[in-house]
Every structure is written in structure tokens, then in C-alpha cells.
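Per-entry structural report
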Amino acid sequence: MAETTETVSTEKTSRTVRVTLRVLAGIERLGNKLPHPFWLFVIMAGVVVALSAILDALGAFAISPADGERVEIKSLLSAEGLHMMVGDAVENFATFPPLALIIVVMLGVSVAERSGMLSALLRRTVTRVPAKYLTFALAFTGVCASVLSDAAYVVLIPLGALVFKAAGRSPILGTVVAFGSISAGYDASVLVTASDVLFAGITTSAVGLIDPDHVVNPLANYFFTAVSAVVLALVITLVTEFLLSKRTANMSVDGDGVDQSLGEMGLTAQERKGLRYSGLALLVLAALVAAALIPPASPFRGEDGGVLSSPIITGIAVVLGLAFLLMGAVYGRVVGTLPKAGDIPAAMAVGVRDLAPVMVLFFAASQFIAYFKWTSMGEVIAVRGADLLDALGVHPLAMLIGMILVAAVMNIFITSGSAQWTLIAPVFVPMFMLLDVPPETTQAVFRIADSATNLISPMSPYFVMALGFLQRYRKQAGIGTLMSLTLPISMVVLVSWTLLFVAWWLLGIPLGPGVDVR
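Residues numbered from 1 in each chain as written. Predicted model: local features only at pLDDT ≥ 70, side-chain atom pairs only at ≥ 80, totals over all residues. Heavy atoms only, no water.

1. Re the overall build of the protein
Note the following rule: In this text, helices come from DSSP runs of H or I with a minimum length of four residues, and strands from runs of E with a minimum of two, each type numbered from the N-terminal end. Accessibility here uses a 1.4 Å probe with only protein chains present; expressed as a share of the type maximum, an area under 20% marks a residue as buried, one over 50% as exposed, and anything in between as partly exposed. With residues, only the protein chains shown are counted as cover, and all accessible areas are computed by Shrake-Rupley using a 1.4 Å probe.
Tallying secondary structure elements over the protein gives 24 helices and two strands in all. Out of the 518 residues belonging to the protein, those deemed buried represent 53%. Of the roughly 22,500 Å² of accessible surface on the protein, a fraction of 66% belongs to carbon and sulfur atoms.

And the structure:
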């Protein structure tokens, strides 16, 4: 009788949930009709070609607020435009800012991942936490786990289920907390990640439409993302304890669970030793960096003698890649996963090989950006859009919140953050720059939208993966089950993270080292 009552109460979802599921089903059908991001950029490039010819024929122009010069749109179907599209294609790809940056970082990250160091670090973080802090620890680890990129889902979701089960709590809840924290907090972390480098490169490319000399540093949003990581972990903890724990209380566990035991997810003595030595290696590297920056006459300081203009800071991608490489190499040597020096280049090569899909996407994206920039369409649209918003008297903060909502909806369809940011940055970044909003601020706002709706997107392969893990503990779980558990996290994260940004803006707190929010 109790089981029947439970089944009925579980199956009878509220009208709100049913409506939400129908909407999401429609989104799934619509999203499935979207082309692969590569073809999306090819199509967009074709649209730019056609629009440039039309707008050139119509004489579209804008007056640059920088120098008062008339900016006219150039047609890509002219002789000069055709020469650019064919003759500069290789250069467009080779000089695409995110390309070299992501390769440099991933050379080091790949060594850390292949050695097993990143996985061991995650497991140690979660399995050694007292039960009363378990939810926060799992949420915080998940938010910061983006340093592992997509591997975070594979490692942390089953681990979350196991540690909750070991603590006498629902493994279903552990699965949801792990998946929700990784997805909803993907662009927030106390660590500098590959996404920071990637977004900085894309934003720098978009900034070039207005100010070719402005370079966005990968640390530009660090203060904001580090604080956001803590705040989001707390928010997810509160949602879990006050809402989701009650939602899962009546969900019986009728599956066999994952094949691994919590003991196997723990660390061996050798793995603990490897983490200690890799941590020492990181401390040595940090001491060397500090020693290079502290002396006023250090050659590693910038041309103006400043720390922020130092090549170590402006070239943080190299330092970040080196840190991961050093830690991974030391760990691998201690544990035996990378016993020989010759194993390290092989591990680095695997990282580059894994980037092949990204590089294919970047080729199409780089051409789209180059076309958009060459035609001056971006500058004209930005100036005209800024003039319109200025005439309407819309406050910049309101516009940024509007951008969050628009990009959050787009994120349900285009789950790749780099693809979406490449698509919209050339419009939003210059337009907001003309309204005196720094490009680093626009990038910070995009992070909110790019993360909050990840876990409710039926387009995401990790949604399907999370459902698979969930079904190991509850066989009858379906899309509605997972959606009813992740939707509260998504909405609360979207609202709370937006409010955090509003407070950040109003208080005028720097987003990163030397970067003002407004």
C-alpha cells in the first residue's frame, strides 16, 4: 500500500511540472533541428556575406564615436572582399585568439588528467569530508570541477551518489547535487580554468572591432568567479537541504547502483603520496613566480614596472599550462602512471588530439568573425544599437540583465559555451563598450547565462549521462524525474547569480586584478 501511494504521488507531477516538461519537449524538438555548430557558423558566415552586399548597396553607415569618422559597410562580394575570403582564410584561422591559448593550456591539463592527478584530487576532496558538510563539499567541488573539463561529469556524478549513500542519504540526491553543481556552476571556480583562457581570447577578438589594442586577460573575471563559486555552492546546498531532500525522501532506490564501491573511489597510499608531491611542486612553482615578480627591478615586470602588465600575468595561459604539466608529471612519476620522461610528450599529444573537434569548430568560427570584422558590420550595428539604447534611456545594468536572460535561453539550444560566445560576443561586447561597459563585464555576465541553464538543456549529452546514472538507482526514472530535480537548482542559480552580479556592479567591486566592473 505504501509503495502504491509512493508510486502514485511520484507519477502525479504538478501541473507546473507537466507544463514545464511540455515546453522542454518542444525545445528538444526545435533544438534537434539546429545544425551542428560548425555548420551554424558556416551559415552565419553566408548570412554575413549576403547582408554585407545588401547593406553596402543601401549605403548603411554609422559615425564612429571615437574619431567622428564615417564607418561604411564593405561588401564581401566585391573584388576586395573575395580576395580577403580566399587569400586570408589561413591567416584568419591561425590568428584566431582562442586557438593557440586553448592548445597551450590543454598541453598541461592533458598531462594532469592522463596521470590520474585530477581524478585523485576530486576523490580526495569529497571522500574526506564530515557528513554534515557533505552537501556543501560536493557542491563546491562540482562548481570548481570545470578544471577537468567534461571529465568532471564522468568522475564526480557516480562519486556523489556513492558518498551520499555511504553517509546514509539518498544516492539519487547525491547524483543530482553532483550533476547540478558541475553544470550550473561550470563557469565559476576558485581555480583558473581552460574556459577562462578560451573566453578571454574570444572577447579579445570581439573587442578588436572597437579597440584593436585592448587585450582581455584570462584573470579578468577571477575575483567574481572565485566568489561566485562559494556563493553558488551555498545556494545549491540550501536548495538541496530545504527542497530536494524532501523531493527525494519518498523516492525508493530500486537499482543496483554503480559498479564501484566507495572504497575503490578512495585513495591508495601511493595516490595520496602523489598528491602531496604534486602539491609541493605547485608551491615551488608559485614561489618562483612570486620571486620573479616581487623585486621592483625584475625583468619579469611589465614595461611600466607594474605587476599586472608582467608577461607572467599577460601570458598566464603559459603559466597555467606549465602548472598542470608539472603537477601531472610529478604525480605520474610517483604513482607510476607516467614513469618515464617520454610518457609526458605522449600525454600532451593526446590532449591536442582531443582538441580536434574544437579546432574544426574554430576554423568555421574564425572565418565568421573575420568576415564580420572586415565588413565593419559589427561596428555599425554596435554604434546604431548603442545610440538607440542611449536614446531610450535604458540603464546599462538593465541591459546586462536582459543579456543574461537572452543568452540563458540560447544556452538551452547551443550548449557549447565557446560556440555561443563566439556567436554573440561580436555584437554585445562592442555595443556595450560604446555605452562605457567594459568588455570584461560583458564576459562576466555571459558566464551566468552560459552556466545556469546547462542542467535543464535536453541538447546536452551530459543530461542524458546524468539520467543514465540516476536510473542505476531508480529504474523507472525518466526525463521528468531528472528535470523535476534539476529545474529548482537551475532557476535559483540563475536568480541568485544575477543578484550577486547586481550587487557587484552597485558596489563597484573589481572583477579581477586591475579590472573595474564599470
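2. With respect to the packing of helix 4 (residues 79-87) against helix 18 (residues 356-375)
Inclusion rule: Angles here are taken between N-to-C directions and fall from 0 to 180 degrees, while the axes themselves are lines fitted to C-alpha atoms, restricted in helices to the stretch in contact. Should an angle fall under 35 degrees it is taken as roughly parallel, and over 145 as roughly antiparallel, whereas 65 to 115 is taken as roughly perpendicular and any remaining angle as oblique. The crossing is said to be left-handed when, going from far helix to near helix, the turn is anticlockwise and less than a right angle, and right-handed when the turn is clockwise. Residue contacts are counted whenever heavy atoms from the two residues lie within 4.5 Å of one another. Under the convention adopted here, Pro, Cys and the residues Ala, Val, Leu, Ile, Met, Phe, Trp and Tyr are nonpolar, Asp, Glu, Lys and Arg are charged, and Gly plus all remaining residues are polar.
For the pair helix 4 and helix 18, interaxial distance at closest approach is 11 Å and the crossing angle is 155°. On the basis of the axis angle, helix 4 is roughly antiparallel to helix 18. Relative to helix 18, the crossing made by helix 4 is right-handed. Along its contact with helix 4, which presents E80, G81, M84 and M85, the element helix 18 presents A370, Y371 and W374. Looking at the contact of helix 4 with helix 18, its residues break down into five nonpolar, one polar and one charged.

3. Structural notes on a nonpolar patch on the surface
Worth spelling out the cut-off: Patches were defined on residues exceeding 30% relative accessible area and lacking a salt bridge, with like-charge contacts within 9 Å and nonpolar side-chain contacts (Val, Leu, Ile, Met, Phe, Trp, Tyr) within 5 Å. Here, a salt bridge means any side-chain nitrogen of Lys or Arg that lies within 4 Å of a carboxyl oxygen of Asp or Glu.
On the surface, W39, V42, I43, V47, L51, I54 and L58 cluster together into a nonpolar patch covering about 660 Å² of accessible area. As for its position among the elements, I43 is in helix 3 (residues 37-58).

4. Quick notes on a positive patch on the surface
We count it as follows: Residues scored as charged are limited to Lys and Arg (positive) and Asp and Glu (negative), so that His and the chain ends carry no count. Positions of charges follow a simple convention, taking NZ of Lys, CZ of Arg, CG of Asp or CD of Glu.
Positive charge collects at one region of the surface, where R124, R128, R272, K273 and R276 lie side by side. Among the elements that take part in the positive patch, helix 14 (residues 269-293) stands out by supplying three residues, more than any other. Summarising the element assignment, R124 is placed in helix 7 (residues 117-127).

5. A short note on the nonpolar core
Condition: Throughout, nonpolar core names a set of buried Ala, Val, Leu, Ile, Met, Phe, Trp, Tyr and Cys residues whose side chains join them through atoms within 4.5 Å.
In this structure, F179, F224, W421, F432, I489 and F501 are the most contacted members of the largest nonpolar core, which totals 144 residues. No other element matches helix 24 (residues 479-507), which puts 12 residues into this core.

6. Quick notes on helix 22 (residues 439-452)
To keep things clear, this is the line we draw: The span you would expect from a helix comes to 1.5 Å times its residue count less one.
Taking 1.5 Å as the rise per residue, helix 22 with 14 residues should run 20 Å; its terminal C-alpha atoms sit 21 Å apart, in good agreement. Across the 14 residues of helix 22, 14 count as buried, placing the element largely inside the fold.

7. Topic: unusual backbone geometry
Positive phi is not limited to glycine here, since D436 has a value of about 70°. Within the element layout of this structure, D436 appears in the loop between helix 21 (417-433) and helix 22.

8. Points about the side chain of S496
Structurally, the position occupied by S496 is in helix 24. Residue contacts for S496: discarding those within four places in its chain leaves L232 and V235.

9. Quick word on the packing of helix 14 against helix 16 (residues 316-335)
In contact at an axis separation of 8 Å, helix 14 and helix 16 are set at 150° when each is read in the N-to-C sense. Taken together, helix 14 and helix 16 sit at an angle that is classed as roughly antiparallel. The hand of the helix 14/helix 16 crossing is right-handed. On helix 16, the residues touching Q270, E271, K273, G274, L275, Y277, S278, A281, L282, L285 and V289 of helix 14 are V319, L322, A323, L326, M327, V330, Y331, V334 and V335. Residue composition of the contact of helix 14 with helix 16, by class: 15 nonpolar, three polar and two charged.

10. Thoughts on the confidence of the model for the protein
Note the cut-off: Confidence per residue, as judged by the predictor, is encoded in pLDDT with a range of 0 to 100.
Chain-level statistics for the protein give a pLDDT mean of 81 and a share of 85% at 70 or above. Averaged over each element, pLDDT in the protein is lowest for helix 1 (residues 2-11) (48) and highest for helix 22 (93).

11. Looking at the side chain of T240
Relative to the assigned elements, T240 resides in helix 12 (residues 222-249). For T240, a relative accessible area of 0% corresponds to the buried category. Beyond its immediate sequence surroundings of up to four residues, T240 is in contact with T135, L173, V177 and S245.

12. Re the packing of aromatic side chains
The line we're drawing: Side-chain rings of Phe, Tyr and Trp, where Trp is taken by its six-membered ring, are said to pair if the distance between their centres is within 6.5 Å; with planes under 30 degrees apart they count as stacked, over 60 as edge-to-face, and otherwise as tilted. Working rule: Lys NZ or Arg CZ, within 6 Å of ring centre, within 35 degrees of ring normal, means a charge sits over the ring.
Following the criterion strictly, the structure yields 11 aromatic pairs and no others. Centre to centre, the rings of F199 and F446 are 5.6 Å apart; their planes meet at 85°, and the pair counts as edge-to-face. A residue pair is termed long-range when its members are at least 10 positions apart, and F199 in helix 11 (residues 194-207) and F446 in helix 22 qualify at 247 residues. Here F199 and F446 have matching classes, each one buried. Consider the rings of W421 and F446, whose centres lie 4.6 Å apart with planes at 25°: the pair is stacked. A residue pair is termed long-range when its members are at least 10 positions apart, and W421 in helix 21 and F446 in helix 22 qualify at 25 residues. Residues W421 and F446 agree in their burial class; the two are buried. K74 extends its terminal NZ or CZ atom over the ring of W374, reaching a point 4.4 Å from the ring centre.

13. A word on the pattern of salt bridges
Scanning the model with the defined rule gives four salt bridges in all. Here E241 makes a salt bridge to R169, at a shortest N to O gap of 3.1 Å. Residue E241 is located in helix 12, and its partner R169 is located in the loop between helix 9 (151-166) and helix 10 (171-184); the two are separated by 72 residues in the primary sequence. On the basis of relative accessible area, R169 is assigned to the partly exposed category, the value being 25%. The partner of D196 in a salt bridge is R447, and the shortest N-O contact between them spans 2.7 Å. On the criterion of sequence distance, the pair formed by D196 in helix 11 and R447 in helix 22 is long-range, its members being 251 residues apart. Given the relative accessible area of 1%, R447 is considered buried.

14. What about the environment of A137?
Of note, A137 is situated in helix 8 (residues 134-144). A relative accessible area of 11% places A137 in the buried class.

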